[in-house]
Each structure stands twice: as structure tokens, then as C-alpha cells.
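Coordinate analysis (summary)
This is what each chain is made of:
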Amino acid sequence: MKKKRTTLALQGGGALGAFTWGVLDALLEDGRLEIVGVSGTSAGAMNAVAMLEGLAEGGVERARAQLAEFWRAVSVDGSLPMIEREVIEKFMSLWDPFNLRLTVAQKTTEIFSPYVLNPLELNPLRDVLDELIDFNLLRQADYPKLFIAATNVRTGKARIFQRPEMTAEMVMASACLPTMFQAVEVDGEFYWDGGYMGNPTLYPLYTETDCADIILVQINPISRDKIPKTSPEIMDRLNEITFNSALLQEFRAIDFVSRLIDSGRLDGTHYKKVRLHMVSGGEAVDRYGASAKVNPDYSMFEDLFRIGRAAGKAFLEEHFVSIGVRGTLNLVQELV
């Protein structure tokens, strides 16, 4: 059976990225999709790199195993050395990834920066990447294409790192939470988490590949029915709105171009109609709330993995026939 070609866009979301692990596991196991490009930000970048290096090393089964090994390694009861577990647990307890939820203890971030509180630049994720990911192998296998977003601290613009140049530092830059870690230097420039400018970036998937289908694996809900009233609820919702803003801008651009194409006004140009799809955990993931993004407990990872696998399988059952034919994400509904 001929496989259907698609690209993947993987949102960041800290520990909630374990949901994406489950989705990817289901898509890989199914085997009917040919993934030609992957865009990832923050935790989405970690998932992307683990999966693609695994594919290069040993195919689908190795990719699935590599993802499982990564999430086990970054859990507090995983393979991290004790001193690094203590570091990550301490940081997780003090800082929200986007510095929006401030308790009395977290007020320390208003006085002390990571350059003071973490002068040795301890970051357990770097050690996990160094141990699990063969970046030489990742760079040599130039297919599927890979796009990792980070935010340039100096310019405030997005930087998209691609597979032929990929290093551990570039992945770390995409996941650099500025209240937890010092900005990551790459080629003389300094970077923070890519979620500020693109969570994830979609445009490389349709400008740098010849595939019009994008499957977005969503962690941060765009809309909610309930109005937040408590302080934690307000901070959680502010978090979600802030870090979906760049994605919504891309939705608007894709919808605008699609309408121009439908009206015939772009005939003869290089523009193409993008077919967007979405895999979302819905209420099953939403119940964790934004604060769960800083929870490194492996039992939560396992639960999110199960939710992700179920969501991935449900997506394929309902929408596989539409891939390559039409988009299944209603952009008008998402934008209104």
C-alpha cells in the first residue's frame, strides 16, 4: 500500500509533551504515513529530534524506543543522576516555564536571575540529549526535513534551525526557559524558548517541502468554555493565550492565502493551498492545566502517553482518508 505523505508540527508544552510522544507512537506504529518534514518547538523539538534520530538509526521501531527512552530519562524517577534530579525538581518547584504563576517562593525570580541562581548552567536536559542522541547521525540523514524554532534574545525574532546543522545546543535553545536557564549561545547569538515566536512554526513545512499536508499535534488549547476566576486559573489561561498567539497568526495567513487561491487570484503563482489537520488531547489533557508543564513525574508521562496514543489512533481512523485530499481543521472556527 502506498503511504500518504505528510508533515508534522509539534507544539511545546513542557511535561505535557508526553502527550505528543503518545501521538507519534501511534502514527509510527500505524505505518501508513510517510513523514517528509517535522517542525518542533521546545518539548516538541525534543520529541522531533528523538524520533528522527531513531528513524535514522534503526527505522520505526527504533524511533518508538528512542522516544520512550527520552521520556523515561527526563522523569524524576528516570536515569538522571541524583544531583541533577535535585536540580530539576528544585527548578520545577520555583519557576513556571513562562514566569506567569508567582507564589511567595517564586518571587525570588523578581530579584535573582538564572545567572545568579544557576551560575554553573546546570541543565539535565543537555545531559539526556548528549547521551541519547547521535547528532552526527541525525545530520547525515537529511530526510525527513527538520525545523526547530528558537527565539533570538537580541532581535526578538524566530530562528529556525534545520537538520543539516542541528546540534544539542540548538535543541536546548528551543527549550530554554528564561526564568530557569541562561540564554543558550549558538554562533554568537543568544536564544530563549521558541514558543515565544512560534509554537510551533508552520511555514517551513509548506515553504521548504513539497507537501501540502500538516498534522498539528496540539498541547495548548486555543479556546475554552469556562471563564477563569481564580488566580491560578487566570494565570493558566493567560499562559495559553500568550503562547498560541504566533500559531493563530499563521492560521490567519494560511486561511487568507487559501481564500485567494479558491477565488483564482493566485493562479500561476508559487502559492499552494495548505491542508491542515490537528490531533488534540481535548479535555483529557486540559484537565492537567498549564501548571502541569513543570511536573516531571513519570506516572503523569505514562498517562499522557496513553492519552496521546488514543488520540493518534482516533485521528487516523477519522481523518486518514482526508490526508492528501482536503484539510480537516476548520480554520474559520479556530479564528472566530
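Refer to the structure printed above.
Residues numbered from 1 in each chain as written. Predicted model: local features only at pLDDT ≥ 70, side-chain atom pairs only at ≥ 80, totals over all residues. Heavy atoms only, no water.

Okay, the side chain of Asp 303 next. Residue placement: Asp 303 occurs in helix H12 (residues 298-319). By relative accessible area, Asp 303 is classed as buried at 17%. Setting aside anything within four residues of it in sequence, one finds Asp 303 in contact with Arg 287 and Tyr 288. (Helix = DSSP H or I, 4+ residues; strand = E, 2+ residues; numbered from the N terminus. Buried < 20%, exposed > 50% of the residue type's maximum accessible area, 1.4 Å probe, protein only. Contact = heavy atoms within 4.5 Å.)

A separate point is the pattern of salt bridges. According to the stated counting rule, one finds 17 salt bridges in the structure shown. Among the salt bridges present, the one from Glu 29 reaches Arg 64, with a minimum N-O distance of 3.5 Å. Here Glu 29, found in helix H1 (residues 18-30), pairs with Arg 64, found in helix H2 (residues 43-73); they are 35 residues apart in sequence, far enough to count as distant. By relative accessible area, which is 39% here, Glu 29 ends up partly exposed. On the basis of relative accessible area, Arg 64 is assigned to the buried category, the value being 16%. Note that Arg 32 and Asp 30 form a salt bridge whose closest N and O atoms lie 2.8 Å from each other. Several salt bridges share partner residues, and in doing so they unite Asp 25, Glu 29, Glu 61, Arg 64 and Arg 309 into one network. (Salt bridge = Lys/Arg side-chain N within 4 Å of Asp/Glu carboxyl O.)

Take the packing of aromatic side chains next. Any aromatic ring pair is given by two values, namely how distant the centres are and how the planes are angled relative to each other. The final tally for this structure, using the stated rule, is six aromatic pairs. Measuring from ring centre to ring centre gives 6.5 Å for Trp 21 and Trp 71, while their planes differ by 5°; the resulting arrangement is stacked. Of this pair, Trp 21 sits in helix H1 while Trp 71 is found in helix H2, placing the two residues 50 residues apart along the sequence. Considering the side-chain rings of Trp 71 and Phe 301, the 5.0 Å spacing of their centres and the 80° angle between planes classify their relative orientation as edge-to-face. Of this pair, Trp 71 sits in helix H2 while Phe 301 sits in helix H12; the two residues are 230 residues apart in sequence, bridging distant segments of the chain. Here the two residues Trp 71 and Phe 301 agree in accessibility, since each one is buried. Among the aromatic residues, those joined into a ring-pair cluster are Trp 21, Phe 70, Trp 71, Tyr 298, Phe 301 and Phe 305. The side chain of Arg 32 reaches across the aromatic face of Phe 320, ending 4.0 Å from its centre. Positioned over the ring face of Tyr 298 is Arg 72, at 3.7 Å from the centre of the ring. (Phe/Tyr/Trp six-rings, centres within 6.5 Å; stacked < 30°, edge-to-face > 60°. Lys NZ or Arg CZ within 6 Å of the ring centre and 35° of its normal.)

Our focus in this paragraph is the environment of Glu 318. Structurally, Glu 318 can be placed in helix H12. Along the primary structure Glu 318 and Thr 328 are separated by 10 residues, whereas in three dimensions their C-alpha atoms are 9.7 Å apart.

Moving on, we get to the packing of H1 against H2. H2 packs onto H1 with a crossing angle of 155° between their chain directions and a minimal axis gap of 8 Å. When the axis of H1 is compared with that of H2, the two are roughly antiparallel. In the crossing of H1 with H2, the sense of the turn from one axis to the other is left-handed. Contacts between H1 and H2 pair Ala 18, Thr 20, Trp 21, Leu 24, Asp 25, Leu 28 and Glu 29 from the former with Asn 47, Met 51, Leu 55, Val 60, Ala 63, Arg 64, Leu 67, Ala 68 and Trp 71 from the latter. (Axes fitted to C-alpha atoms, helices over the stretch in contact; angles between N-to-C directions. Parallel < 35°, antiparallel > 145°, perpendicular 65-115°, else oblique. Left-handed = near helix turned anticlockwise from the far one by under 90°.)

What follows concerns H2. Relative to the 45 Å expected for 31 residues at 1.5 Å per residue, H2 spans just 14 Å between its end C-alpha atoms, considerably shorter than the ideal helical length. At Gly 58, H2 is bent by approximately 140°, the largest bend along its length. (Expected span 1.5 Å × (residues − 1). Bend = angle between axes of the 7 residues up to and from the residue.)

Residues Val 153, Phe 190, Trp 192, Tyr 196 and Met 197 make up a contiguous nonpolar surface patch of roughly 400 Å² in combined accessible area. Mapped onto the elements of the fold, Tyr 196 is located in the loop between strand E6 (189-193) and helix H8 (203-207). (Patch = residues over 30% accessible without salt bridge, like charges linked within 9 Å, V, L, I, M, F, W, Y side chains within 5 Å. Areas by Shrake-Rupley, 256 points an atom, 1.4 Å probe, with all protein chains shown as cover.)

Between H2 and helix H5 (residues 124-132), the least distance of the axes is 11 Å, while the angle of their chain directions is 155°. On the basis of their axis angle, the class for H2 and H5 is roughly antiparallel. Here H2 runs over H5; the crossing is right-handed. Here Met 46, Glu 53, Gln 66, Glu 69, Phe 70 and Ala 73 of H2 come into contact with H5, specifically with Leu 125, Val 128, Leu 129 and Leu 132. For the contact of H2 with H5, the residue count by class is seven nonpolar, one polar and two charged. (Nonpolar A, V, L, I, M, F, W, Y, C, P; charged D, E, K, R; others polar.)

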